[in-house]
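A look at the structure
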Amino acid sequence: MLSAVLSRRATVSVNANALRSLSVWSAVKAGPPDPILGVTEAFKADQDPRKINLGVGAYRDGNGKPYVLPSVKKAEEIVAASQPDKEYLPITGFADFTKRAALLAYGADSVPLKDGAISITQSISGTGALRIGGAFLARHYPHSKIIYLPVPSWGNHTPIFADSGLEVRGYRYFDKKTVGLDFEGLKADLRAAPEQSIVLLHACAHNPTGVDPTSAQWAEISDIVKEKKLFPFFDMAYQGFASGDTARDAFAVRHFVSQGHQIALSQSFAKNMGLYGERVGAFSLITADPAEKARVDSQLKIIIRPLYSNPPVNGARIANAILGDAALYSQWESEVKGMADRIISMREKLYNTLTHDLKTPGEWGHIKSQIGMFSFTGLSPEHTKVLAEKAHIYMTSNGRISMAGLNDSNVEYFAESVDAAVKGKL
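The sections below set out a description of the structure shown in this document.

Here's the deal with the environment of Ala252
The topology assignment puts Ala252 in helix 11 (residues 251–258). Expressed as a C-alpha distance, the spacing of Ala252 and Val280, which sit 28 residues apart in the sequence, is 22 Å.

Topic: the packing of aromatic side chains
Under the defined criterion, the tally for this structure stands at 13 aromatic pairs. Geometrically, the ring pair formed by Phe97 and Phe269 is edge-to-face, given 5.3 Å between the ring centres and 65° between the ring planes. Within this pair, whereas Phe97 is found in helix 4 (residues 95–106), its partner Phe269 is found in the loop between strand 9 (264–268) and helix 12 (270–273), the two being separated by 172 residues in sequence. Exposure remark for Phe269: the relative accessible area of 0% places this residue in the buried category. Ring centres 6.2 Å apart and planes at 85° place the aromatic pair Trp218 and Phe256 in the edge-to-face group. Here Phe256 lies in helix 11 and Trp218 lies in helix 9 (residues 215–227), a separation of 38 residues in the sequence.

Some points on unusual backbone geometry
Cis geometry is found at the peptide bond from Val151 to Pro152, where omega equals 5°. Tracing the backbone through its elements, the reader meets Pro152 in the loop between strand 3 (146–151) and helix 7 (157–163). The linkage connecting Asn207 with the following residue, Pro208, adopts the cis geometry, with an omega of 25°. Mapped onto the secondary structure, Pro208 falls in the loop between strand 7 (198–202) and helix 9. One non-glycine residue with positive phi stands out, namely Gln83, at about 50°. Summarising the element assignment, Gln83 is placed in the loop between helix 3 (70–81) and helix 4. Classification of Gln83 as exposed rests on a relative accessible area of 70%.

Side note on the packing of helix 4 against helix 11
Here helix 4 crosses helix 11 at 85°, and the two axes come no closer than 8 Å. One element, helix 4, and the other, helix 11, form an angle in the roughly perpendicular class. Residues Leu103, Leu104, Ala105 and Tyr106 of helix 4 pack against Val253, Arg254 and Val257 of helix 11. Looking at the contact of helix 4 with helix 11 residue by residue, the classes come out as 6 nonpolar, no polar and 1 charged.

Side note on the nonpolar core
General note: in soluble globular proteins, nonpolar side chains tend to be found buried as a group. Core analysis: the biggest nonpolar cluster contains 92 residues, and Tyr106, Phe234 and Phe414 have the highest contact counts within it. With 9 residues, helix 15 (residues 326–357) is the single largest residue contributor to this core. Residues in contact with Phe234, not counting those within four places in the same chain, are Leu201, Ala203, Trp218, Ala252, Val253, Phe256, Ile263, Ala264, Leu265 and Ser266. Counting residues in hydrophobic clusters, the runner-up holds 23 residues, among them Leu149, Phe161, Leu166 and Leu285.

A short note on helix 17 (residues 381–391)
Listed as buried for helix 17 are Thr384, Leu387, Ala388 and Ala391. Across the axial projection of helix 17, the buried residues extend over an arc of 115°, all falling on one side. Exposed and facing more than 90 degrees away from the buried side of helix 17 are Glu382 and Lys390. Looking at the buried side of helix 17, the elements it contacts are strand 12 (393–394) and helix 18 (411–422). Phi turns positive one or two residues past the end of helix 17, at His392, with a value near 65°.

Looking at the pairing of strand 9
Residues in a regular strand point their side chains to alternate faces of the sheet. Burial of strand 9 is extensive: 5 of the 5 residues sit out of reach of the surface. Side chains Ala264, Ser266 and Ser268 project from strand 9 onto one buried face, and the interleaved Leu265 and Gln267 project onto a second face that is buried too. As defined by bridge partners, strand 8 (residues 231–236) adjoins strand 9 across 4 bridges and the pair is classed as parallel. Its bridge partner lying in strand 9, Asp235 is registered against Ser266. As paired elements, strand 9 and strand 10 (residues 280–286) share 5 bridges and run antiparallel to each other.

A few points about the pattern of salt bridges
Applying the stated rule across the entire model yields 12 salt bridges. In this structure, Arg295 and Glu292 form a salt bridge, with 3.9 Å as the shortest nitrogen-oxygen distance. One end of the pair, Arg295, and the other, Glu292, are both in helix 13 (residues 290–308), 3 residues apart, so they sit about a helical turn from each other. Of the residues examined, Glu292 reaches a relative accessible area of 24% and is grouped as partly exposed. Residue Asp408 pairs with Lys349 through a salt bridge whose shortest N-O separation is 3.8 Å. Separated by 59 residues along the polypeptide, Asp408 in the loop between strand 13 (400–402) and helix 18 and Lys349 in helix 15 bring together distant segments of the chain. On the basis of relative accessible area, Asp408 is assigned to the exposed category, the value being 56%. When salt bridges that share partners are traced, they join Glu184, Lys187 and Glu220 into one network.

Comments concerning a nonpolar patch on the surface
A contiguous nonpolar patch, built from Val24, Trp25 and Val28 and spanning about 400 Å² of accessible area, is present on the exposed surface. Turning to its location among the elements, Trp25 is positioned in the loop between helix 1 (2–21) and helix 2 (35–45). When its relative accessible area of 64% is taken as the criterion, Trp25 is described as exposed.

Side note on the side chain of Asp419
Following the sequence through the fold, Asp419 ends up in helix 18. The exposure class assigned to Asp419 is buried, which follows from its relative accessible area of 9%.

Here's the deal with the packing of helix 3 against helix 15
Interaxial distance between helix 3 and helix 15 falls to 8 Å at its minimum, and their mutual angle equals 150°. If you check the angle between helix 3 and helix 15, you find them roughly antiparallel. Between helix 3 and helix 15, the residues in contact are Pro70, Ser71, Lys74, Ala75 and Ile78 and Leu328, Gln331, Trp332 and Glu335, respectively. Along the lines of polarity and charge, the residues of the contact of helix 3 with helix 15 split into 5 nonpolar, 2 polar and 2 charged.

Rules used in this analysis
- Residues numbered from 1 in each chain as written.
- Predicted model: local features only at pLDDT ≥ 70, side-chain atom pairs only at ≥ 80, totals over all residues.
- Heavy atoms only, no water.
- Helix = DSSP H or I, 4+ residues; strand = E, 2+ residues; numbered from the N terminus.
- Phe/Tyr/Trp six-rings, centres within 6.5 Å; stacked < 30°, edge-to-face > 60°.
- Buried < 20%, exposed > 50% of the residue type's maximum accessible area, 1.4 Å probe, protein only.
- Axes fitted to C-alpha atoms, helices over the stretch in contact; angles between N-to-C directions.
- Parallel < 35°, antiparallel > 145°, perpendicular 65-115°, else oblique.
- Contact = heavy atoms within 4.5 Å.
- Nonpolar A, V, L, I, M, F, W, Y, C, P; charged D, E, K, R; others polar.
- Core = buried A, V, L, I, M, F, W, Y, C linked by side-chain atoms within 4.5 Å.
- Arc of directions from axis to C-beta.
- Pairing = 2+ DSSP bridges.
- Salt bridge = Lys/Arg side-chain N within 4 Å of Asp/Glu carboxyl O.
- Patch = residues over 30% accessible without salt bridge, like charges linked within 9 Å, V, L, I, M, F, W, Y side chains within 5 Å.
- Areas by Shrake-Rupley, 256 points an atom, 1.4 Å probe, with all protein chains shown as cover.

Distances and angles like these do not, on their own, reveal function.
Structural data, given as structure tokens:
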């Protein structure tokens, strides 16, 4: 009897193994690991007290800790005191918030804003805004299904637009030799693009390079876009966070609109309000008039409804409380400037330590001239590898660092380690 039981069990086991081998998902291949996630995992596994994580794309305070803005805490108190319900938002989100988000981006003097010709929807942060925009353009932009991205660009741009049904191409942006803007290459590539193609532009604090065009260069880009009848799609993920001035960071967007461009715009409130996990954003389009806006609104709803029905409410209430209260808005602006200023001070200190104190070989002026959270250091993959293995400093292999990961306690150690790596002494 025992042998019969064992035989039955063996048969069941064989059958289970056969079923597993015939799983409908057996042909699914493992995808490549996310490069940022890999950096974070390596950092967490490292037990050395000197370790530094410069891969994360989130602000850290002077002690290297996540930072909740005091204005956000006050806004949360205001929202809680109002005892809001938990009902669904409309498909396009919290109307008070989107109205104020448009005002923040386009400015009070914007003619389309005054004319009621801006179609806007709340989105699941900047990623969601880009995805809505990509889907709308793929479905409704009549002239082209090609979108040009700067090279390099944020890693998620390509899959977002490819999954939206657009053909992704690139235009020159970053010059590795100068560690700066390849402006001549940029202009040549935009001029060579097929007329009426879509072009993605980082409004400020270009990710991942930290290299932005000047105001004069933006004006030239606007002229080329108009000449070639290109459609400009702005990604503005860092308004206020780049320079500390929300109007300055919105210059490109506002200039293009003032020149008659019908732009698309993605906004995120992750960085400038620290609302990372709340997923607060907006997508907007310039239309010809209120009647056209109403038609565009209706098509945005048709795109959003099967994606996620409607956006989350809590973060939009927090952002709206800040944008809608004069005193709280002023406090928020000063806090955003404080975050930007801390990052700028880290750039200054890193530059001075490398060039003046350590006499590190190479040109390091780009550390100061770049803007925003990220910096392309010019370090090679070999440098980043040895920095991780020997100095416990983690960054992506292309040498991009998050300046927010540096503070007064670790910037000198980082500079000394970079110096040793460059000199081959680490």
